[in-house]
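Residues per chain, in single letters:
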Amino acid sequence: MKVAEAVGRALYAAGVGQVFGVVGSGNFHLTNAMVAAGSRFVAARHEGGAATMADAYARMSGTVAALSVHQGPGLTNAMTGIAEAAKSRTPLLVLAAEVTEPRSNFYVDQEALARSVGAVSARVTSAEDAVTEALDAVRRAVCERRTVLLNLPLGVQALDVPEVSDAPDDASTLAVVPPERASVEPEFADVEALARVLDKSRRPVFVAGRGARSPGARDALAALAERHGALLATSAVARGLFHGDPWSLDVSGGFASPLAAELIQQADLIVGWGCALNMWTMRHGRLIGPDTTVVQVDDDASALGAHREVHLGVTGDVELTARRALETDDANRQAQHGEQAQQGHRAQQGEQGQHGRQSRQGFRTDDIGAAIAARVRWRDVPYEDTSSRERIDPRTLSIALDDILPAERVIGVDSGNFMGYPSMYLSVPDENGLCFTQAFQSIGLGLATAIGAALARPDRLPVAALGDGGAMMGAAEFDTVRRLGLPMVVVVYNDDAYGAEVHHFGPDGHPLETVEFPPTDIAAVARGYGFEAVTVRTRADLKAVEDWLAGPRSAPLLIDAKVVADRGAWWLEEAFRGH
């Protein structure tokens, strides 16, 4: 058995069941070996799209996915998607064929490429160690939550693996399946310190991020928040985690609604749970009051205080830390209750429950609850509709789509001036309703993001929200949507420009010819790929979307929405503060 086949079998046995890529001569045998073993392969039209599909699939499925690419240009084509995955700490395995002869036209320093974007580099070095080295790459991806580039030199791939039969179930090719990432138990002293900080707080806000995206973490945080009267918010990547909770502020940061921002600024304690508390989630620190205590909980010690100074950093798994804080609070209150009972006192003082189960009112007053119910959503914030007969206001478009599209949806969003509208005006059912590949802020990833998310969540309607720039940049993957038979809705917020640059540089009188384009009939482009398509200029034009939803959905639908282009999005100023 050749190394390529042995490695392919072992990767499937180790749990790598989904592979995306573009196959060339260098990764042909490895990819086919994984397919023969049982992995599902999705052929993209471009390696960049394949990389983002794999990234999105891993995020939304909670499993490690693989990207398979040709040596040299196959890898360089994929580098933007790999950079996004690496910056987001997505458990992703990049399988790249490699030439080692510098005179080859395919030669590049693949190891240096990986390091340059924050990925981990590994290599299969011999026939004897090939399976072990491949499985170690899977282990690092899973247990360290890293994007790992596994280089597979062409010469090594063609070698015979010693003492391995050709039997499909030969155990010697399977080795040991890498373990799941272990949950990090917080230190007792840190939990005690967190409990004390929570006990002193009267206006706490919890901000949950990527590290809190699980039902267990959500339930633990909701229980702890109820105990201390905390309001709940998320970063954009964890949007939907507290969907339906009456004390949820939705997203914190540049996307936050005016009410959410106002309440977060009033907090006397902000706790980031698996959340970086970076310039995006904290609006460059402007959401943090001058006297606000800041706490960060993360299972990666290097993340604590990485973006801003914190008063307390706790290294630990989000769910475990929240549950330990609840247990510590219970123990402390029971002890206090016992002391008071011995002295013959009853210390209720308006708190409900018994034996440590009391809940503090904190930030959860009737007035705040009513305000959240009435105006925490962006769609409930009054605005002047600037729609005309030729162009629709993106807010009007987004609100209408939110009402029309089924609630069980999974949304992939591209980058650009438009991105806040679908991200915040389209509701999501839970933390798996929005796939937000924005760590690198590259345009052109949105369609591939939606494809990967759709394959991970086939139970939901996939929605890709794109700008016209990103749609045209990633248009090759329209074919992948059609070929896979995905019942996808693609919404293009079309302002015939790179809108972020128009609204950033235009007010200062700079020439804009380099970032504006003639009108493009993107609906016609989509029809060429086998889509149904509709051009939307007014609310009435969305009747075609309702008809598509009511029909067989046998072809994907593209909505070429001609949106108002005379203003920048509300979050744009925040975005450019980081430049």
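Residues numbered from 1 in each chain as written. Predicted model: local features only at pLDDT ≥ 70, side-chain atom pairs only at ≥ 80, totals over all residues. Heavy atoms only, no water.

Secondary structure summary: the chain contains 22 helices and 18 strands in total. In terms of C-alpha radius of gyration, the chain reaches 26 Å, essentially the compact-globule figure of 25 Å for 579 residues. By its C-alpha atoms, the chain is 80 × 65 × 45 Å across when sized along the principal axes. For the chain, the proportion of its 579 residues judged to be buried stands at 57%. In the chain, the share of contacts with a sequence separation of at least 24, taken over all contacts with a separation of at least 6, comes to 76%. On the chain, roughly 23500 Å² of surface is accessible, and the fraction owed to carbon and sulfur atoms is 50%. Measuring between centres, the 53 positive side-chain charges of the chain sit 3 Å from its 74 negative side-chain charges. (Helix = DSSP H or I, 4+ residues; strand = E, 2+ residues; numbered from the N terminus. Rg over C-alpha atoms; globule rule 2.2 N^0.38 Å. Buried < 20%, exposed > 50% of the residue type's maximum accessible area, 1.4 Å probe, protein only. Contact = heavy atoms within 4.5 Å. Areas by Shrake-Rupley, 256 points an atom, 1.4 Å probe, with all protein chains shown as cover. Lys, Arg positive; Asp, Glu negative; His and termini not counted. Charge placed at Lys NZ, Arg CZ, Asp CG, Glu CD.)

Looking at where leucine 447 falls in the secondary structure, it is placed in helix H16 (residues 446–456). For leucine 447, a relative accessible area of 3% corresponds to the buried category. Along the sequence, leucine 447 and alanine 476 sit 29 residues apart, while their C-alpha atoms lie 9.7 Å from each other.

The next thing to look at is the state of the cysteines. The tally for this structure, following the rule as stated, stands at zero disulfides. Residue cysteine 435 stays outside any disulfide, its sulfur separated by 17 Å from that of cysteine 275, the closest cysteine. (Disulfide = S-S within 2.5 Å.)

Take the sheet that holds strand S1 (residues 18–21) next. Taken in spatial order, the six strands line up as S2-S1-S3-S4-S6-S5 in an open sheet, and their pairing is parallel. What marks the edges here is a single partner per strand, and that holds for strand S2 (40–43) and strand S5 (120–123). Strand-to-strand, the axes of this sheet are offset by a mean angle of 25 degrees, without reference to chain direction. When S1 meets S2, the two strands line up parallel, connected through four bridges. Looking at the pairing, valine 19 lines up with phenylalanine 41 of S2. Helix H7 (residues 130–143) rests against strand S4 (92–98), S5 and strand S6 (147–153) of the sheet, and its axis sits at about 165 degrees to S6. (Pairing = 2+ DSSP bridges. Axes fitted to C-alpha atoms, helices over the stretch in contact; angles between N-to-C directions.)

As a further point, take the packing of aromatic side chains. Applying the stated criterion to the full structure yields nine aromatic pairs. Each ring, one from phenylalanine 206 and one from tryptophan 273, has its centre 5.4 Å from the other, and the planes form 65 degrees; the classification is edge-to-face. A residue pair is termed long-range when its members are at least 10 positions apart, and phenylalanine 206 in strand S7 (residues 204–208) and tryptophan 273 in strand S10 (residues 269–273) qualify at 67 residues. Each member of the pair, phenylalanine 206 as well as tryptophan 273, is classed as buried. (Phe/Tyr/Trp six-rings, centres within 6.5 Å; stacked < 30°, edge-to-face > 60°.)

Here the focus is the environment of isoleucine 451. Within the secondary structure, isoleucine 451 is located in helix H16. Isoleucine 451 gets classed as buried once you look at its relative accessible area, which sits at 0%. Between the alpha carbons of isoleucine 451 and threonine 234 there is a distance of 24 Å; along the sequence they are 217 residues apart. Not counting residues within four places of it along the chain, the set of residues in contact with isoleucine 451 comprises Met53, Glu477, Thr480, Val481, Leu484, Leu486 and Met488.

This part covers the side chain of arginine 395. Following the sequence through the fold, arginine 395 ends up in helix H14 (residues 394–404). Separated by 2.7 Å, the side chains of arginine 395 and aspartate 393 make a polar contact. For arginine 395, the contacting residues outside a window of four places in its chain are Tyr383, Glu384, Thr386, Tyr421, Tyr425 and Arg567. (Polar contact = N/O pair within 3.5 Å; in protein donor to acceptor, adjacent residues only side chain to side chain.)

To continue, consider the nonpolar core. Membership of the largest hydrophobic core comes to 54 residues, with the highest contact counts inside it found for Leu67, Ile82, Leu447, Met488, Val490 and Leu558. Look past the residues within four positions of leucine 447 in its chain and what remains in contact with it is Ala464, Leu466, Gly474, Glu477, Phe478, Val481, Met488 and Val490. Grouped together as the second largest cluster of nonpolar side chains are 44 residues, Met424, Phe436, Leu461 and Leu542 included. (Core = buried A, V, L, I, M, F, W, Y, C linked by side-chain atoms within 4.5 Å.)

In the predicted model, the chain carries a mean pLDDT of 92, and 92% of its residues have values of at least 70. Confidence over residues 345–356 falls short of pLDDT 50; this stretch has 16 contacts with residues more than four positions distant or in other chains. (pLDDT = per-residue confidence, 0-100.)

In this section: the packing of helix H3 (residues 47–61) against helix H5 (residues 79–87). Remark: H3 packs on H5, axes separated minimally by 7 Å, with the N-to-C direction vectors making an angle of 25 degrees. It follows that H3 is roughly parallel to H5 by the angle criterion. Across the interface between the two elements, Ala51, Thr52, Asp55 and Arg59 of H3 pack against Gly81, Ile82, Glu84 and Ala85 of H5. For the contact of H3 with H5, the per-class residue count stands at three nonpolar, two polar and three charged. (Parallel < 35°, antiparallel > 145°, perpendicular 65-115°, else oblique. Nonpolar A, V, L, I, M, F, W, Y, C, P; charged D, E, K, R; others polar.)

Here the focus is the pattern of salt bridges. Per the stated rule, a full pass over the model turns up 37 salt bridges. A salt bridge links aspartate 459 to arginine 457; the shortest N-O distance between them is 2.8 Å. Shared partners join several salt bridges into a network, and the residues in it are Arg45, Asp479, Arg482 and Arg483. (Salt bridge = Lys/Arg side-chain N within 4 Å of Asp/Glu carboxyl O.)

This next bit is on the packing of helix H1 (residues 3–13) against helix H2 (residues 28–37). In contact at an axis separation of 8 Å, H1 and H2 are set at 45 degrees when each is read in the N-to-C sense. The orientation of H1 relative to H2 falls into the category oblique. H1 and H2 meet at a crossing whose hand is right-handed. Counting all contacts with H1, which are made through Ala4, Glu5, Val7, Gly8, Arg9, Leu11 and Tyr12, the residues of H2 involved are His29, Leu30, Ala33, Met34 and Ala37. (Left-handed = near helix turned anticlockwise from the far one by under 90°.)

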